[in-house]
Amino acid sequence: MASFIQKMTNTTSGVASTILRIPVGLILMAHGAQKLFGSFGGYGLEGTGQWMASIGLEPGYLMALLAGSAEFFGGLALVIGLLVRPAAAVVAFTMLIAIFSVHFSNGLFMANNGYEYALTLLVIAVSLLFSGAGALSVDKTISAK
């Protein structure tokens, strides 16, 4: 078990991953808070769930809970640098779903509700999946033991 945890938390990256993951984690947390709690002008679980059901993501409430949790808790994991690889994998999967179920048909640019933002988050998540949390992280402390 200890070996598995060390593999999940191992990181050879320096401070660059830390610089990348903290602001992205905060942004993800804010988007997740919109979906889960209705914060920052969001619609909360009920409203987000109704919208998700309207675009065919059923059951809408569960999909809103899953997407919001992936963003909020995945973002929190990125901010504190704990279990960054699994969190990045969940965020990457969530962004793939967002791209292909919501944004792809609108083209690239955000001005048209396109996929550029979700694609950017996907690429960052994949990068963190490979690099790990970086030098200044809980993961680095755990894997060093």
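Since this is a predicted model, take the numbers as computed values, not measurements.

A. Region of interest: the pattern of salt bridges. The final tally for this structure, using the stated rule, is 1 salt bridge. A salt bridge links K35 to E71; its shortest N-O distance comes to 2.9 Å. Of this pair, K35 sits in helix α2 (residues 15-37) while E71 sits in helix α4 (residues 60-80), and the two are 36 residues apart along the sequence. Given the relative accessible area of 17%, K35 is considered buried.

B. Expanded view of the packing of α2 against helix α3 (residues 44-54). The N-to-C vectors of α2 and α3 enclose an angle of 95 degrees; their axes lie 5 Å apart at closest approach. Judged on the interaxial angle alone, α3 and α2 are roughly perpendicular. On α3, the residues that touch Q34, K35, L36 and F37 of α2 are G44, L45 and T48. Per-class residue counts for the contact of α2 with α3 are 3 nonpolar, 3 polar and 1 charged.

C. Examining the packing of aromatic side chains more closely. Counted according to the given criterion, the structure contains 4 aromatic pairs. Between F72 and F73, the aromatic rings sit 5.1 Å apart at their centres with planes inclined by 90 degrees, giving edge-to-face as the arrangement. A relative accessible area of 17% places F72 in the buried class. Geometrically, the ring pair formed by F100 and F104 is tilted, given 5.3 Å between the ring centres and 40 degrees between the ring planes. The exposure class of F100 is exposed, given its relative accessible area of 57%. F104 gets classed as partly exposed once you look at its relative accessible area, which sits at 44%. Aromatic ring contacts, followed pair by pair, group F37, F72 and F73 into a single cluster.

D. Geometry of the layout of surface pockets. Roughly 860 Å³ of internal volume is contained in the largest pocket. K35, W51, M52, E71 and H103 are the residues nearest the centre of the largest pocket, which is lined by 31 residues in total. Those elements that place two or more of their residues in the lining of the largest pocket are α2, α3, α4, α5 (84-103) and α6 (116-131). Tallying contributions element by element places α5 first for the lining of the largest pocket, with 9 residues. Looking at the lining of the largest pocket residue by residue, the class counts come to 19 nonpolar, 10 polar and 2 charged.

Parameters and conventions
Position numbers for residues count from 1 along each chain, tracking the sequence in the order it is written. Given that this is a predicted model, residues contribute local features only at a pLDDT of at least 70 and side-chain atom pairs are listed and counted only at 80 or more, while totals for whole chains, interfaces and linings are drawn from all residues. With hydrogens and water excluded, all non-hydrogen atoms of the structure serve as input to the side-chain values. Definition used for salt bridges: Asp or Glu carboxyl oxygen within 4 Å of a side-chain nitrogen of Lys or Arg. A helix here means a DSSP run of H or I that spans at least four residues, while a strand means a run of E at least two residues long, and both kinds are numbered starting from the N terminus. Partly exposed residues are those whose accessible area sits between 20% and 50% of the maximum for their type, while under 20% is buried and over 50% is exposed, using a 1.4 Å probe and protein chains only. As a rule, the C-alpha atoms of each element are fitted with a line to give its axis, helices using only the stretch in contact, and angles between N-to-C directions run from 0 to 180 degrees. Each angle gets one of four labels, with under 35 degrees taken as roughly parallel, over 145 as roughly antiparallel, 65 to 115 as roughly perpendicular, and the rest as oblique. Pairs of residues are marked as contacts when any of their non-hydrogen atoms sit within 4.5 Å. The nonpolar class holds Ala, Val, Leu, Ile, Met, Phe, Trp, Tyr, Cys and Pro. Asp, Glu, Lys and Arg form the charged class, and all remaining residues, Gly among them, are polar. Only centres within 6.5 Å qualify two rings of Phe, Tyr or Trp (six-membered ring in Trp) as a pair; their planes then separate them into stacked at under 30 degrees, edge-to-face at over 60, and tilted for everything else. Cavities and pockets are defined on a 1 Å grid built over the protein atoms alone: a cavity is a set of grid points where a 1.4 Å probe fits but cannot escape, while a pocket is an open set with protein on both sides within 12 Å along at least five of seven lines, and lining residues are those with an atom within 4 Å of any such point. Grid points are joined across faces, edges and corners, and a volume is the space filled by probe spheres set on the points.

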